[in-house]
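# Summary of the model geometry
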Amino acid sequence: LTYEPAIPRRLARSGVLSELQLEALLAIGRCHAHRLEALPPPPAEGSGRRAGGPGAQEPCSLGDGGGRATGGGLSAAGASSPALEDGCLGVRAGFLLADGPGVGKGRTQAAAILDAWLQGFQRAVWISASTDLHSDAVRDLGAVVSATPGLPPLHTLTINLSSVPATAPIALPVGVVFASYALIARPARLAQLLAWCQGRRRGTAREAFEGVVCLDECHRAKAAGATGTGTAVIRLQTELPQARLIYASATAATELQNMAYLSRLGLWGRGTGFSTFASFRDEMSMAGPAAKELLPLNLKAQGRLLSRLISFEGVPITVTTHTLTSSQRDTYNSAAALWLDLAALLRRRHHLLPPSATSRFWSSHQRFFRMLVTASKLPTLHAIVDRALAEGKSVVVGLLGTGEAYSPPANAADAAETVTAAVTSGAVTAGAVTAGAVTPGIVTPGAVTPEALTADAATVTPHPSSHTPAPAGPMPPPRDASAPPPAPGEGGDWAGDSGEGSRAGVW
């Protein structure tokens, strides 16, 4: 690694950053010194030139001294980036930080923000899965800058975008703006953030933003072009070509189609073997598993990827059993009764619902009880953590499953997308999962009270007017949407709302 960071040596010796985190900081800095492609300089004011329009300039090339365009990639030996032609601006390369739990991705991102700050780039953006993670970002920034005197108080120069009115400019001359993916999916909020990054004021021109943009839990942007979140992340990268992008996630993408938002890794575009993401995706799919296995090796050799895991060699394994308390048993039974009533209502209304309603209902059912069971174990986990901390140990809690494998519908509304993000984050109540099952239209309004849908599982109770559980039997096949609904009492084994003609028993 040939990059020399701007952070003082006493910070590196303080121990606040581990050797793995320092290695990642050096790799990030070296990667950000590289340009993927060269673009023509912006047209002068009043020239009327626009990209792709009349009078537009031809793209500049990254020369290697012999007049050839270079492909945009750092060698494994850490070669410096090629020189840019005069007047050309290259799109800055991004870095994928794919470390596993416990390595410290948050503190590494905080160190990268400090490093850029000390170089004069004193505006940064931190985007994460939930607004609740703002406190974690402040904690990591505070830990880095408080380790040694004389460093800027970045943790006090951090603002949560959700606390700023959407119609007001961000009143923070320099500092770190924190936002959630659900928030920047709103066009007005994204425009507000971009205006701050580019230093725009009314009647003034844009400024080139060269600060750090941390895309924490970046797998939330996997559905690029299909959801508001993915589209916002793509636009953010397009509008800020000089930004120092850090993609941070242990599960950045599990499928090729989910990699569209990773546009700064130099996998497609000018100077590569693939002109577009679609051609990259199609070629890699046809090449099979071998090509997919070579992909991270290629990124690592180019200096754009780090992926480390904490070793479990010599670690003893102990399985602890949690015993449910009486209140937890009551919570589970109440939740089970609620879902039985919802399932009964689903059966009665199936002829009014789309074919996908059943699968969406049961997928929400599984997520609900997974969260409920996980939450029930927390008292025992807290006791183990407290005991370990009292013994002077460091505690790493691994949550297996970040929700990357779950994709919301491409045409989902912003509200449904927000519910999905909240559900898969693991940081919300199980009641939100129930609301996610009901609000897309699986059941009709009035069957359960809004309070029952948004409350925690401990307070969830069926509405007094809810129907008696429907009869047992197999789930009917999806009904043809063009066929008229059956009259009350008709429909074979399945009755209408009147409950007539149904089998006895409980489903």
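Residues numbered from 1 in each chain as written. Predicted model: local features only at pLDDT ≥ 70, side-chain atom pairs only at ≥ 80, totals over all residues. Heavy atoms only, no water.

## Observations regarding the overall build of the protein chain
Summing up its helical and strand segments, the protein chain has 15 helices and nine strands in all. Taking all 507 residues of the protein chain together, 40% fall into the buried category. Across the protein chain, every contact between residues at least 6 apart in sequence was considered, and the portion connecting residues at least 24 apart equals 74%. Accessible surface for the protein chain amounts to roughly 25,600 Å². Of this, 57% is attributable to carbon and sulfur atoms. (Helix = DSSP H or I, 4+ residues; strand = E, 2+ residues; numbered from the N terminus. Buried < 20%, exposed > 50% of the residue type's maximum accessible area, 1.4 Å probe, protein only. Contact = heavy atoms within 4.5 Å. Areas by Shrake-Rupley, 256 points an atom, 1.4 Å probe, with all protein chains shown as cover.)

## Describing the environment of Q21
As for its placement among the helices and strands, Q21 is situated in helix α2 (residues 19-32). Residue Q21 is classed as buried on the basis of its relative accessible area of 9%. For Q21, the contacting residues outside a window of four places in its chain are V16, V103, G104, R107 and T108.

## A short note on unusual backbone geometry
In this model, E217 sits at a positive phi of 50 degrees, which is unusual for a non-glycine residue. Position of E217 among the secondary structure elements: in the loop between β7 (212-216) and α7 (228-239). Overall, the relative accessible area of 24% leaves E217 in the partly exposed class.

## Description of the sheet that holds β7
What holds strands together in a sheet is hydrogen bonding between their backbones, with the strands either parallel or antiparallel. The seven strands lie next to each other as β5-β6-β4-β7-β8-β3-β9, forming an open sheet whose pairing is parallel. Both outer strands of the open sheet, β5 (158-160) and β9 (305-306), are each paired with one neighbouring strand and no more. In this sheet, strand β6 (residues 175-180) lies alongside strand β4 (residues 123-128) in parallel orientation, the contact comprising six bridges. Each residue of the ladder has a partner; that of W126, found in β6, is F178. Against the sheet, α7 makes contact with β4, β7 and β8 (244-248), and its axis sits at roughly 165 degrees relative to β7, the strand it touches most. (Pairing = 2+ DSSP bridges. Axes fitted to C-alpha atoms, helices over the stretch in contact; angles between N-to-C directions.)

## Section: a nonpolar patch on the surface
Among the surface-exposed residues, L378, L381, L389, V395, V397 and L399 lie close enough to one another that they form a single nonpolar patch of about 490 Å² accessible area. By the element assignment, L381 lies in helix α12 (residues 378-390). Owing to a relative accessible area of 31%, L381 belongs among the partly exposed residues under this scheme. (Patch = residues over 30% accessible without salt bridge, like charges linked within 9 Å, V, L, I, M, F, W, Y side chains within 5 Å. Salt bridge = Lys/Arg side-chain N within 4 Å of Asp/Glu carboxyl O.)

## Observations concerning the environment of G150
For G150, the position within the fold is in the loop between α4 (134-145) and β5. By relative accessible area, which is 75% here, G150 ends up exposed. Between the C-alpha atom of G150 and that of P8, which follows or precedes it by 142 residues, the distance is 9.7 Å.

## Overview of the packing of aromatic side chains
Enumeration over the complete set of coordinates arrives at 10 aromatic pairs. Between F274 and F280, the ring centres sit 5.5 Å apart and the planes meet at 80 degrees, which makes this aromatic pair edge-to-face. Between the aromatic rings of F361 and W362, the centroid separation amounts to 4.9 Å while the plane-to-plane angle is 85 degrees, which identifies the pairing as edge-to-face. For F361, a relative accessible area of 1% translates into the label buried. Given a relative accessible area of 32%, W362 falls into the partly exposed group. Put simply, the rings of Y332, W339, F361, W362, F368 and F369 touch in pairs and so form one group of aromatic residues. Stacked on the ring of W196, the Lys or Arg R123 has its end atom at 5.0 Å from the ring centre. (Phe/Tyr/Trp six-rings, centres within 6.5 Å; stacked < 30°, edge-to-face > 60°. Lys NZ or Arg CZ within 6 Å of the ring centre and 35° of its normal.)

## Focus: the nonpolar core
Core analysis: the biggest nonpolar cluster contains 47 residues, and V213, L215, L236, Y247 and F280 have the highest contact counts within it. Considering each element in turn, this core owes the most residues, five residues, to helix α6 (residues 187-197). With residues up to four places along the chain from it excluded, the contact list for F280 reads L256, M259, L267, W268, F274 and L295. Listed in part, the 36 residues of the second largest apolar core include A24, L36, A124 and A248. (Core = buried A, V, L, I, M, F, W, Y, C linked by side-chain atoms within 4.5 Å.)

## Topic: the packing of helix α10 (residues 326-348) against helix α11 (residues 357-376)
In a packed pair of helices, the relevant descriptors are the angle between the two axes and the axis-to-axis distance. In contact at an axis separation of 12 Å, α10 and α11 are set at 175 degrees when each is read in the N-to-C sense. With respect to their mutual orientation, α10 and α11 come out roughly antiparallel. Here Q328, T331, Y332, A335, A336, W339, L342, A343 and L346 of α10 lie close against α11, whose contacting residues are T358, F361, W362, S364, H365, F368, F369, L372, V373 and S376. A class-by-class count of the residues in the contact of α10 with α11 yields 13 nonpolar, six polar and no charged. (Parallel < 35°, antiparallel > 145°, perpendicular 65-115°, else oblique. Nonpolar A, V, L, I, M, F, W, Y, C, P; charged D, E, K, R; others polar.)

## Digging into the environment of T325
In this structure, T325 sits in the loop between β9 and α10. By relative accessible area, T325 is classed as partly exposed at 36%. Here the side chain of T325 touches S327 through a polar contact of 3.1 Å, side chain to side chain. (Polar contact = N/O pair within 3.5 Å; in protein donor to acceptor, adjacent residues only side chain to side chain.)

## So, the pattern of salt bridges
According to the stated counting rule, one finds eight salt bridges in the structure shown. A salt bridge links R235 to E239; the nearest nitrogen and oxygen atoms lie 3.8 Å apart. In this pair, R235 and E239 both sit in helix α7, four residues apart, roughly one turn of the helix. Judged by relative accessible area, R235 falls into the partly exposed class, the value being 36%. The shortest N-O distance in the salt bridge between K393 and E391 comes to 3.2 Å.

## Comments concerning the confidence of the model for the protein chain
On average, the protein chain scores 75 in pLDDT, and the residues at 70 or more come to 67%. Confidence drops under a pLDDT of 50 for residues 406-429, and excluding neighbours within four residues, the segment shows 30 contacts in the predicted structure. Predicted confidence is poor over residues 485-507, with pLDDT under 50, and the contacts of this stretch with residues over four places away or in other chains come to 49 contacts. (pLDDT = per-residue confidence, 0-100.)

## Some thoughts on the pairing of β4
Counting buried positions over the six residues of β4 gives six, a clear majority of the element. As paired elements, β4 and β7 share three bridges and run parallel to each other. By the bridge assignment for β7, W126 is matched with C214.

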